[in-house]
Structure formats: structure tokens, C-alpha cells
Amino acid sequence: MHSGETPYECKECGKTFIESAYLIRHQRIHTGEKPYGCNQCQKLFRNIAGLIWHQRTHTGEKPYECNHCGKAFRDSSCLTKDQRIHTKETPYQCLECGKSFKQNSHLAVHQRLHSGEGHSQCPQCGKTFTRNSSLV
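Residues numbered from 1 in each chain as written. Predicted model: local features only at pLDDT ≥ 70, side-chain atom pairs only at ≥ 80, totals over all residues. Heavy atoms only, no water.

A. Quick peek at the environment of H54. Looking at the element boundaries, H54 is found in helix α2 (residues 48–59). The buried category is assigned to H54, whose relative accessible area is 9%. The sequence separation of H54 and K43 amounts to eleven residues, and the corresponding C-alpha distance is 8.9 Å. (Helix = DSSP H or I, 4+ residues; strand = E, 2+ residues; numbered from the N terminus. Buried < 20%, exposed > 50% of the residue type's maximum accessible area, 1.4 Å probe, protein only.)

B. View of the side chain of R84. Within the secondary structure layout, R84 lies in helix α3 (residues 76–87). Within the structure, the side chain of R84 is placed 2.9 Å from the backbone oxygen of K102, a separation counted as a polar contact. (Polar contact = N/O pair within 3.5 Å; in protein donor to acceptor, adjacent residues only side chain to side chain.)

C. Focus on α2. Helix length check: α2, at twelve residues, gives a terminal C-alpha distance of 16 Å against a target of 16 Å (1.5 Å per residue), a fit within 8%. In the core, the buried residues of α2 are packed alongside β3 (36–37), β4 (44–45) and β5 (64–65). The opening residue of α2 is N47, an N-cap whose side-chain oxygen sits 3.3 Å from the backbone nitrogen of A49. Immediately beyond the C-terminal end of α2, within one or two residues, lies G60, with a positive phi of roughly 75°. (Expected span 1.5 Å × (residues − 1). Contact = heavy atoms within 4.5 Å.)

D. Geometry of α3. Helix length check: α3, at twelve residues, gives a terminal C-alpha distance of 16 Å against a target of 16 Å (1.5 Å per residue), a fit within 8%. All buried positions along α3 are accounted for by L79, D82 and R84.

E. Region of the structure containing the environment of H68. Its location among the elements puts H68 in the loop between β5 and β6 (72–73). With near-sequence residues (within four places) excluded, H68 lies in contact with Q83, H86 and T87.

F. Quick look at the pattern of salt bridges. Following the criterion strictly, the structure yields three salt bridges and no others. Across the pair R56 and E61 runs a salt bridge whose closest N-O atoms are separated by 3.7 Å. According to the relative accessible area criterion, R56 is buried, its value standing at 14%. (Salt bridge = Lys/Arg side-chain N within 4 Å of Asp/Glu carboxyl O.)

G. Representation of the side chain of D75 in the model. Position of D75 relative to the elements: it lies in the loop between β6 and α3. Reaching out from D75, the side chain makes a polar contact with the side chain of W53 at a distance of 2.6 Å. Side chain to side chain, D75 and S77 meet in a polar contact 2.6 Å long.

Listed below in C-alpha cells is the structure:
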């Protein structure tokens, strides 16, 4: 593990892993195998973590509580997003202009501004829009 070696390779896509168990779990993406089933609605999942997260929709369990506002969440990533609202933390920074964001997905959308990807330009005024609907 500490050597950085990844001796287990997926024959399908070439991705490598440090443990055989990670390779086995990964291969389910290619095979479509979903061995973990919800006993309430029979929905199937590739891994146990997905099943546990799903089961919280049935139980209403929200084990992650914000120490700022008391709001509870069913997964830690939602709690992290909420806490960034309170702390005003913006850990995802654009290397092009320095603007920071609370979520990586917001940074990705922002970076399209710099690349011009997915933009439409008004032929009349030259202004660019991120959505074609805004151009109308």
C-alpha cells in the first residue's frame, strides 16, 4: 500500500487498484452486478454503502447533525455542504481567476466561463450565456 503499487488491473478498462477487493467491487460497473438488495422495496445496489444510504429513505434516519443549526442529514456530504454555509468556507478555487466556491460542482460550472464550453453568443450584441434559453 505505501509503495504506491496498484497491481490489480481491470481487464475491461485498465484501471488499477491497490487491493483485489477494490477491483472486484469496481468490476460490478462493467458487469452490472448489484448483489445488495433493499428488503423493503427490492431496489438493488452495487455496494453496501449505496444500500445503507438508500435504506435511510425508508427509515427516515438522519445520523449527521449540524452543530450550528441542528439540522440533520442522512449523509455526511450533505452535512459538509450545510456547514460551509455557516462557516462561509469556500475550498474550491478557480486557478484562472481565484474565485472560490463551496462545492466542486459549482467550480466546474464556473470554469466553463473561462473555456467558453457550453456557451451561446448573441449574434446581435455579442453577450454570452451559459444556457440557450437565456439567449432567446
